[in-house]
Amino acid sequence: VLVTKDITGELALEGKDVTVIGNIKAQNADINGAVEGNLDVKEKVAVGSTAVIKGDLIAGELAVDFGALCDVNLEHSYSEGKAAAFFDNYLKENS
């Protein structure tokens with residue numbers, strides 16, 4: 001299956017034979033097929049072992065299985081500084 005347009009909404013690319021050439025904007029995304037384009041996902045992105053992704057990826061949370069091929073520029077702009085807060089708290093508790 002080949003999709004050559006932008007997609008907005010929830011996304012589940014379950015089959016490894018699904019290919020999307022276009023941008024994806026979603027709340028959550030489960031990807032097991034191929035995507036060439038930019039992904040803008042507010043919450044969670046789950047990338048399965050059969051996934052192939054090329055493009056920019058903006059996400060709140062990201063999980064990538066072994067075997068996935070990812071050629072992405074990654075930005076966690078939706079994580080709202082969670083990593084920075086973790087290290088700030090760690091340094092306060094351990095100094």
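Heads up: these notes are all about the structure in this document.

Calculation rules
Residues numbered from 1 in each chain as written. Predicted model: local features only at pLDDT ≥ 70, side-chain atom pairs only at ≥ 80, totals over all residues. Heavy atoms only, no water. Core = buried A, V, L, I, M, F, W, Y, C linked by side-chain atoms within 4.5 Å. Buried < 20%, exposed > 50% of the residue type's maximum accessible area, 1.4 Å probe, protein only. Helix = DSSP H or I, 4+ residues; strand = E, 2+ residues; numbered from the N terminus. Contact = heavy atoms within 4.5 Å. Pairing = 2+ DSSP bridges.

Some remarks on the nonpolar core
Move 1: Ile-24, Ile-31, Val-35, Leu-39, Val-45 and Val-47 are the most contacted members of the largest nonpolar core, which totals 16 residues.
Move 2: Those elements giving two or more residues to this core turn out to be β5 (24-26), β6 (29-31), β8 (39-47) and β9 (52-64).
Move 3: A per-element tally of this core places β8 first, with four residues.
Move 4: Non-local contacts of Leu-39, meaning those with residues more than four positions away in its chain, are made with Ile-24, Ile-31, Ile-53, Asp-56, Leu-57 and Ile-58.

Quick notes on the pairing of β9
Remark: a regular strand shows side chains that alternate across the two faces of the sheet.
Move 1: Two elements, strand β7 (residues 34-36) and β9, share three bridges in a ladder whose sense is parallel. In the sheet register, Val-35 faces β9, and the bridge partner there is Ile-53.
Move 2: Here seven bridges tie β8 to β9, and the two strands are oriented parallel to one another. Residue pairing for β9: Leu-39 is matched across the bridge by Leu-57.
Move 3: Pairing of β9 with strand β10 (residues 69-75), which is carried by seven bridges, proceeds in the parallel orientation. By the bridge assignment, Asp-56 is partnered in β10 with Asn-73.

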